[in-house]
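# Overview (structure and organization)
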Amino acid sequence: MPLAPFFRVVDADIFLQNFASDRMHMYNREKGTWNAPPPSYAPIQSGQANTTSNLKHYLNFVDRPNFQEINMDAFGTILTKQQLATATFRT
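Source: prediction; values computed, not measured.

With that out of the way, let us pick up the overall build of the protein chain. Helix and strand content of the protein chain: 3 helices and 6 strands. Reading the helices (α) and strands (β) of the protein chain from amino to carboxyl end gives β-α-β-β-β-β-α-β-α. Pairs at least 24 apart in sequence give 63% of the contacts found in the protein chain among residues at least 6 apart. Accessible surface, the protein chain: about 7200 Å² in total, of which carbon and sulfur atoms supply 56%.

And the structure:
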């Protein structure tokens, strides 16, 4: 059975206010080396993000984070391909 695609839709302004990545997803802890050289610019740390990285929450399409301190709006809505095709978004 093929996997069905899902899409995370996040308001751009909310995403930019809340996203954070410390780049540890690029680091191999076992070898102590980078899988790819990190970019030359500073890691992304948005003003309202209360963590050094929340990338895993954006990539998780199964479990919703249940932390009290997380702004759930920051992670948007998960839609199926059909829902995305028929969705109406504000501009």
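Enumeration according to the criterion identifies 5 aromatic pairs in this entry. With 5.0 Å between their ring centres and 75 degrees between their planes, Y27 and W34 make a pair best called edge-to-face. Of the residues examined, Y27 reaches a relative accessible area of 26% and is grouped as partly exposed. By relative accessible area, W34 is classed as partly exposed at 37%. Each member of the aromatic cluster is reached from another via a ring pair, and the members are F15, F19, Y58 and F75. Stacked on the ring of Y41, the Lys or Arg R23 has its end atom at 5.2 Å from the ring centre.

Inspection of the secondary structure assignment puts L16 in helix 1 (residues 12–18). For L16, a relative accessible area of 60% gives the class exposed. For the pair L16 and S46, spaced 30 residues apart in sequence, the C-alpha separation works out to 6.7 Å.

Once that is clear, we can look at the confidence of the model for the protein chain. Overall, the predicted model of the protein chain reaches an average pLDDT of 82, with 86% of residues at or above 70. The weakest mean pLDDT in the protein chain belongs to strand 5 (residues 44–45) at 84; the strongest belongs to strand 4 (residues 33–34) at 95.

The next thing to look at is the nonpolar core. Counting residues in hydrophobic clusters, the biggest one holds 5 residues: F19, L55, Y58, A74 and F75. Excluding residues within four positions of it along the chain, A74 makes contact with V10, I14, N18 and Y58.

Time to look at the environment of A20. Looking at the element boundaries, A20 is found in strand 2 (residues 20–21). Between the C-alpha atom of A20 and that of S53, which follows or precedes it by 33 residues, the distance is 4.6 Å.

Turning our eyes to something else, we now look at the layout of surface pockets. The rolling of a water-molecule-sized probe over the atoms marks out the regions of remaining empty space. Empty space within the largest pocket amounts to approximately 220 Å³. Lining the largest pocket, in full, are V9, V10, D11, I14, D73, G76, T77, L79, F89 and R90. Taken together, the residues that form the lining of the largest pocket break down as 5 nonpolar, 2 polar and 3 charged.

With that out of the way, let us pick up the side chain of N18. Relative to the helices and strands, N18 is located in helix 1. There is a polar contact of 2.8 Å between the side chain of N18 and the backbone oxygen of I14.

Calculation rules
Residues numbered from 1 in each chain as written. Predicted model: local features only at pLDDT ≥ 70, side-chain atom pairs only at ≥ 80, totals over all residues. Heavy atoms only, no water. Helix = DSSP H or I, 4+ residues; strand = E, 2+ residues; numbered from the N terminus. Contact = heavy atoms within 4.5 Å. Areas by Shrake-Rupley, 256 points an atom, 1.4 Å probe, with all protein chains shown as cover. Phe/Tyr/Trp six-rings, centres within 6.5 Å; stacked < 30°, edge-to-face > 60°. Buried < 20%, exposed > 50% of the residue type's maximum accessible area, 1.4 Å probe, protein only. Lys NZ or Arg CZ within 6 Å of the ring centre and 35° of its normal. pLDDT = per-residue confidence, 0-100. Core = buried A, V, L, I, M, F, W, Y, C linked by side-chain atoms within 4.5 Å. 1 Å grid on protein atoms, 1.4 Å probe; cavity = no way out; pocket = protein on both sides within 12 Å on 5 of 7 lines; lining within 4 Å. Points joined across faces, edges and corners; volume = space filled by probe spheres on them. Nonpolar A, V, L, I, M, F, W, Y, C, P; charged D, E, K, R; others polar. Polar contact = N/O pair within 3.5 Å; in protein donor to acceptor, adjacent residues only side chain to side chain.

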